[in-house]
Amino acid sequence: MSSSSNHSHPVRVRFAPSPTGFLHIGGVRTALFNWLYARHLGGQFLLRIEDTDLERSEERFTSDIIASMKWLGLNWDEEPIFQSKRLEEYRAKALELVARGLAYKCFCSEEEVEQMRVKATAEGKKPMYDRHCRDLGLERHPTEPNRPWVIRSKTPLAGYVEFTDLIRGPIRVENTEIDDFVLIRSNGAPTYNLSVVVDDVYSRMTHIIRGDDHINNTPKQIHLYRALGYEVPLFAHLPMILGPDKKKLSKRHGAVSANVYRSDGYLPEALLNFLARLGWSHGDQEIFTIQEMIQYFSFDHCQKSSAVFNVEKLLWLNGAHIRGADPKRLASIVAEDYSDHFAGIPQALSRLKTDLGARIVSMVQPKVKLIKELTEQVVPLCTPGAVEVDASGLKWNKDENLKAATQAAVQRVLDELSKKVAASGVKSGSDPVWGGTPSLEEVGMNHEGVDAYLRQVGEQHGVKLGDLVQPMRLVVTGRMVSASLFDLMAILPWDVVETRLRKIAAL
RNA sequence: GUCCCUAUCGUCUAGAGGCCUAGGACAGCGCCUUCUCACGGCGUAAACCCGGGUUCGAAUCCCGGUAGGGACGCCA
């Protein structure tokens, strides 16, 4: 690739969102690529809050951005910069440019400028300010001393700007295409193009990595770097993320706060993995740990074209990352992010945190795609006593004989296994929270044992294994779909299993 | 409208002139496995936008067209 240029000093990059909305997927992707690049090269990654738009910036959005970044693990290396605290700086730089003849005060009203744009459009030209005040060199309006003014850049009238994008290669724009854009608004606040340049210089940024909706701003900013006498950094413009309709991602596509993905049950590394693969690749590899992403990241393998956000693949990736996660960690995520599922059952929450809780999680985790589902499966398994069931889906509802035979078989299971537990001589279970009774496993009957035993009972009562298992699964787990019943029967304290199995007779 | 950018299966992508009768993944379909649901395994269908060049040879390079996206704010 082109240009590692003269920037031999350590890489410094930033993510610079404006707090006018939640941190959405597109923002996360931009943050991620900056972060990966910095971490890959051992450079610094900074966070800057671009809150120069006083009307639309809101503190709650700043909080959302910071919370989301933290959840995702996209950590920054220096104190975040808030542009609202540096307003004087931008103003001073703009005034300096006016003094040096590189910018000027403009007294045209917004209505007048709007007319110019209408006129230009009618002439088939780009709607631009017609530079009315450019060469007047006015300090104040001749007839209206209090008339408000803005500061505009004095964009060169001829020539062109060219830069080499790290992802797209050379991009060239004629200066005639560039407006005399506003630097300082009539209320004294700076506009984006000014503050971004002043701050990127202030923070000694070496690379500007951002969405490609900023390609058109880059030439303006390059003019500013030059006017201000600064070294121009390197640019990398990332392709956009599109909704399923191939339009810019918006709220209607469910592109809400990254925090929503947290409550929906996505793992941060899964979301990051998914976003990394949207526009970047490393051969055929699909599943990456954070470390691998950092290790392999490079602009050489970044895509130039935009990508459609595909929830199905994110879901699959999330399942893959859940499967590979440490059960103890998953248990604590369930406990922290889904505490509302434990409302009224504090025992379940404490049981979740035991070794047995982690074992339960490990049996459910290979089967779910979302932490939410994991939670829904795990809660009843950690709850003491019987759980509510809905027996309407059972096959025996259509077959009285099957129902009678199954109930008889389960009764026998109850009798024989209770006897076995009592006869084992094992007085109490090893789990400190679950207390009381040992599990079947603790009296010598593991998964295989339960398997063989239930097959045998089913055969003797003329009930197919599947027909015997489903009602048992329902009362033991509270659901028609669950982790392996044999596993669960083996590891749960026998009294829990017994209590629940007794409900079979009443169905 | 003007300017900028982009263009491989439905989607994410591999591909840096011959290794491509175009590979992987998700989703789909079929089968196997199976105590449910998943997972897993095997298989199947599915793409180089079009037209010109350059070259012995082009998905790859160049030009044009077309299509899509983005920008054109005293938003960022």
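Scope of this entry: the structure provided in the associated data block. Quick caveat: nothing in here was measured; it's all calculated off a predicted structure. The numbering scheme is per chain: residues are counted from 1 as the chain's sequence reads. Each chain takes a letter, starting from A, and each ligand takes a number, starting from 1, following the order in which they are written. Selection of residues for local features in this predicted model requires a pLDDT of at least 70, selection of side-chain atom pairs for listing and counting requires 80 or more, and totals for whole chains, interfaces and linings are taken over all residues. As a rule here, side-chain values cover all heavy atoms of the structure and leave hydrogens and water aside.

Here's the deal with the sheet that holds strand S2 (residues 44-49)
Taken in spatial order, the three strands line up as S1-S2-S3 in an open sheet, and their pairing is parallel. Because the sheet does not close on itself, it has two edges, and the strands there are strand S1 (12-15) and strand S3 (81-82). Whether two strands pair comes down to DSSP finding at least two bridges between them. Only DSSP runs of H or I reaching four residues or more are called helices, and only runs of E reaching two or more are called strands; each is numbered from the N terminus. As paired strands, S1 and S2 are joined by four bridges and run parallel to one another. Paired with Phe 15 across the two strands is Leu 47, which belongs to S2. Pairs of residues are marked as contacts when any of their non-hydrogen atoms sit within 4.5 Å. Lines are fitted to the C-alpha atoms to define the axes, a helix being fitted only along its stretch in contact, and any angle between axes, read from their N-to-C directions, falls within 0 to 180 degrees. In this fold helix H1 (residues 25-41) packs onto S1 and S2, with an angle of close to 165 degrees to the strand it touches most, S1. The sheet contacts of helix H2 (residues 59-72) involve S1, S2 and S3, and relative to S2 the element is tilted by about 160 degrees.

Some thoughts on the pattern of salt bridges
A side chain of one charge can pair with a side chain of the opposite charge when the charged atoms of the two come close. For this analysis, a salt bridge means a side-chain nitrogen from Lys or Arg found within 4 Å of a carboxyl oxygen belonging to Asp or Glu. Counted under the stated rule, the structure contains 32 salt bridges. As a salt-bridge pair, Glu 139 and Lys 105 come within 2.7 Å of each other at their nearest N and O atoms. With a gap of 34 residues between them, Glu 139 in the loop between helix H4 (110-122) and strand S5 (150-153) and Lys 105 in strand S4 (residues 103-106) connect regions that are remote in the sequence. Partly exposed describes any residue whose relative accessible area lies between the buried limit of under 20% and the exposed limit of over 50%, with all areas from a 1.4 Å probe on protein chains only and scaled to the type maximum. Look at Glu 139 and you get partly exposed, because its relative accessible area is 49%. A relative accessible area of 9% places Lys 105 in the buried class. In this structure, Glu 114 engages Arg 117 in a salt bridge whose closest nitrogen and oxygen atoms are separated by 3.8 Å. Of this pair, Glu 114 and Arg 117 both sit in helix H4, three residues apart, roughly one helical turn. We classify Arg 117 as partly exposed; its relative accessible area is 31%. Within the structure, one salt-bridge network assembled from shared partners comprises Arg 14, Arg 48, Glu 50 and Asp 200.

Quick look at the nonpolar core
Residues Met 489 and Leu 501 are the most contacted members of the largest nonpolar core, which totals 64 residues. The residues contacting Leu 501, other than those within four sequence positions of it, are Val 410, Leu 414, Met 472, Val 475, Val 476, Met 489 and Trp 494. Counting residues in each nonpolar core, the second largest holds 50 residues, with Trp 35, Leu 166, Phe 297 and Leu 370 among its members. Definition of nonpolar core: a set of buried residues of the types Ala, Val, Leu, Ile, Met, Phe, Trp, Tyr and Cys, connected through side-chain atoms within 4.5 Å.

Quick word on the protein's contact with RNA strand B
Around RNA strand B there are 64 residues in total, and Arg 168, Arg 185, Gly 279, Arg 455 and Ser 484 lie nearest to it. In this text, near means that some heavy atom of the residue lies within 4 Å of the molecule or strand in question. For RNA strand B, the fraction of atoms within 4 Å of the protein that belong to sugar or phosphate moieties is 70%. Thr 52 is positioned such that a nitrogen or oxygen atom in its side chain is 2.7 Å from a phosphate oxygen of RNA strand B. N or O atoms within 3.5 Å of each other form a polar contact, as long as, within protein, one can give a hydrogen and the other can take it, and as long as residues adjacent in sequence are counted only when both atoms are side-chain atoms. Between RNA strand B and Gly 124 there is a distance of 3.3 Å, counted from a sugar or linking oxygen to a backbone nitrogen or oxygen. Listed by contribution, the elements that provide at least two residues to the surface near RNA strand B are H4, S5, strand S7 (169-174), strand S12 (307-308), helix H10 (311-324), helix H16 (447-460), helix H17 (465-477) and helix H18 (485-491). Residues are grouped as follows: Ala, Val, Leu, Ile, Met, Phe, Trp, Tyr, Cys and Pro are nonpolar; Asp, Glu, Lys and Arg are charged; all remaining types, including Gly, are polar. For the surface near RNA strand B, the residue count by class is 19 nonpolar, 19 polar and 26 charged.

Some points on H16
Taking 1.5 Å as the rise per residue, H16 with 14 residues should run 20 Å; its terminal C-alpha atoms sit 20 Å apart, in good agreement. Lining the buried residues of H16 we find helix H15 (400-423), H17 and H18. To estimate how far a helix should reach, multiply one less than its number of residues by 1.5 Å.

Description of the pairing of S1
With burial as the criterion, each face of S1 is covered, one bearing Arg 12 and Arg 14 and the other bearing Val 13 and Phe 15. In this region the chain leaves S1, passes through H1 and returns to the parallel neighbour S2; the handedness of that crossover is right-handed. Consider the strands pointing away from the viewer: the crossover is right-handed when the path from the first strand over the helix to the second runs clockwise.

Focus on the sheet that holds strand S8 (residues 182-184)
Taken together, the three strands give an open sheet; going across it, the order is S4-S5-S8, and neighbouring strands pair in antiparallel fashion. The open sheet has two edge strands, S4 and S8, and neither has a second partner. Put simply, the sheet's adjacent strands are angled 40 degrees from each other on average, direction ignored. Both S4 and S5 contribute to a ladder of four bridges, which runs antiparallel. Paired with Tyr 104 across the strands is Arg 152, a residue of S5.

A word on the packing of aromatic side chains
Note on aromatic pairs: the rings of Phe, Tyr and Trp (six-membered ring only in Trp) are paired at centre separations within 6.5 Å, and the planes decide the class, stacked below 30 degrees, edge-to-face beyond 60, tilted for the rest. Summed over the entire model, instances satisfying the criterion amount to twelve aromatic pairs. Centre to centre, the rings of Phe 297 and Phe 299 are 5.7 Å apart; their planes meet at 75 degrees, and the pair counts as edge-to-face. Note on accessibility: Phe 297 and Phe 299 belong to one class, buried. Ring-pair connections join several aromatic residues into one group, and the members of that group are Phe 33, Tyr 37, Trp 280, Phe 288, Tyr 296, Phe 297 and Phe 299. Against the face of Tyr 202 rests Arg 86, its NZ or CZ located 3.7 Å from the ring centre. A ring has a charge above it when a Lys NZ or an Arg CZ is no more than 6 Å from the ring centre and no more than 35 degrees off the ring normal. Geometry around Tyr 160 places Arg 172 over its ring, the cationic atom sitting 3.5 Å from the centre.

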